[in-house]
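So the chains spell out like this:
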Amino acid sequence: MDLQTKSIVLPISNSVCIIQEADGFADKILFSKKFNLHKTYPDYWAYCTKTIDGKKPTAQDIKRLLIPDQQYLAIEIYKLSYGDEMELKTACTACGKPIGVTVNLAELEIRPLPEGANPPDPSYEVKLPRTKRKVTFGYITYEKDMDDVDSDYNPTRTVFKFIRSIDGQPPVYEEVQKLPVRDLKYLREAMLTKATGYKTTVDVKCSHCDKEIEVNILVDVSFLFGGLG
Ligand SMILES: [Zn+2]
């Protein structure tokens, strides 16, 4: 049987990709490292991507995609493989009861590239309100995003990863840690305003307690592996 293919354009790099629906071989790749899906996903996406700008990508090529491009590719492969409807299986953060809701991925918001952004690797300069330092930041690759995935969440480390330069010099983590929190908050907010590509969070209303919660579809078990959980 012929697998379906589709041509897509990544939002930042403008690269043209031919993607192919996933099959049983793809599922086998996904589970080849004992549920460490962040380690096997690049191989999975590389398997499902026939070409990027005419060339067959390796897992390493996928890891080097900027996150908005990588997420776009992942969601498009999901849609081609499973269809637009995704059954979210999550738990309410307020009452703890399970929530089952159907999300239509065709209706996910796509945020345009911010004004003035120059592909394929846009960066933005801001002046910090407290220390008056000039900071340039951009988007990070999947590889960089995942480099501390097994550590505790560290908001300053996350901000540091996005910084390209401080007063024209390469950033040093210790220096970023010394920044007053007002500057760090300003940086986090500035980075959020430059978010682009698919908005991967959806608001879901709990049917038990009526509370509205935000769910990131990319970490939902249904997205990671349809039919599991
Ligand atoms: Zn609830």
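That block above? That's the structure.
In what follows, the accompanying structure is described. The residue numbers shown here count from 1 along each chain, following its written sequence. Residues qualify for local features only when their pLDDT is at least 70, as the model is predicted, and side-chain atom pairs are given and counted only at 80 or more; totals for whole chains, interfaces and linings, by contrast, use all residues.

**A short note on the nonpolar core**
Phase 1 of the analysis: Buried Ala, Val, Leu, Ile, Met, Phe, Trp, Tyr and Cys residues whose C-beta atoms connect them within 7 Å together make up a nonpolar core. For the exposure call, what matters is how many other C-beta atoms sit within 10 Å of a residue's own: 20 or more marks it buried, 12 or fewer exposed, and in between partly exposed, using C-beta atoms placed from the backbone. The biggest cluster of nonpolar side chains holds 23 residues, and the ones touching the most others in it are W45, C48, L73, A74 and I77.
Phase 2 of the analysis: A run of H or I in DSSP becomes a helix once it reaches four residues, and a run of E becomes a strand once it reaches two; helices and strands are each numbered from the N terminus. Only β2 (16-20), α2 (37-48) and α4 (67-82) provide two or more residues apiece to this core.
Phase 3 of the analysis: Counting residues per element, this core draws most heavily on α4, at six residues.
Phase 4 of the analysis: Residue pairs are scored as contacts if the distance between their C-beta atoms, which are placed from the backbone, is within 7 Å. Non-local contacts of I77, meaning those with residues more than four positions away in its chain, are made with I19, A22, W45 and C48.
Phase 5 of the analysis: One finds V159, F160, F162 and L187 within the second-largest nonpolar core, a separate group that totals seven residues.

**Details of the sheet that holds strand β9 (residues 163-166)**
Phase 1 of the analysis: At least two bridges found by DSSP between two strands are what make those strands a pair. Spatial strand order, β7-β8-β9: three strands in an open sheet with antiparallel pairing. Two strands close off the open sheet at either side, each with one partner strand: β7 (123-127) and β9. Here the strands of the sheet are splayed against their neighbours by 20° on average, with no regard to which way each runs.
Phase 2 of the analysis: The pairing of β7 with strand β8 (residues 134-138) spans five bridges and is antiparallel. Within β8, the residue paired with K127 across the bridge is K134. Lines fitted to C-alpha atoms define the axes here, with helix axes fitted over just the stretch in contact, and angles between the N-to-C directions of these axes take values from 0 to 180 degrees.

**Regarding the pairing of strand β11 (residues 201-205)**
Phase 1 of the analysis: Bridge count for β11 against strand β12 (residues 212-216) is five bridges, and the pairing is antiparallel. Residue V204 lies in a different strand from β12, and its bridge partner there is I213.
Phase 2 of the analysis: The antiparallel hairpin formed by β11 and β12 contains six residues in its connecting segment, where D210 sits at a positive phi of about 70°.

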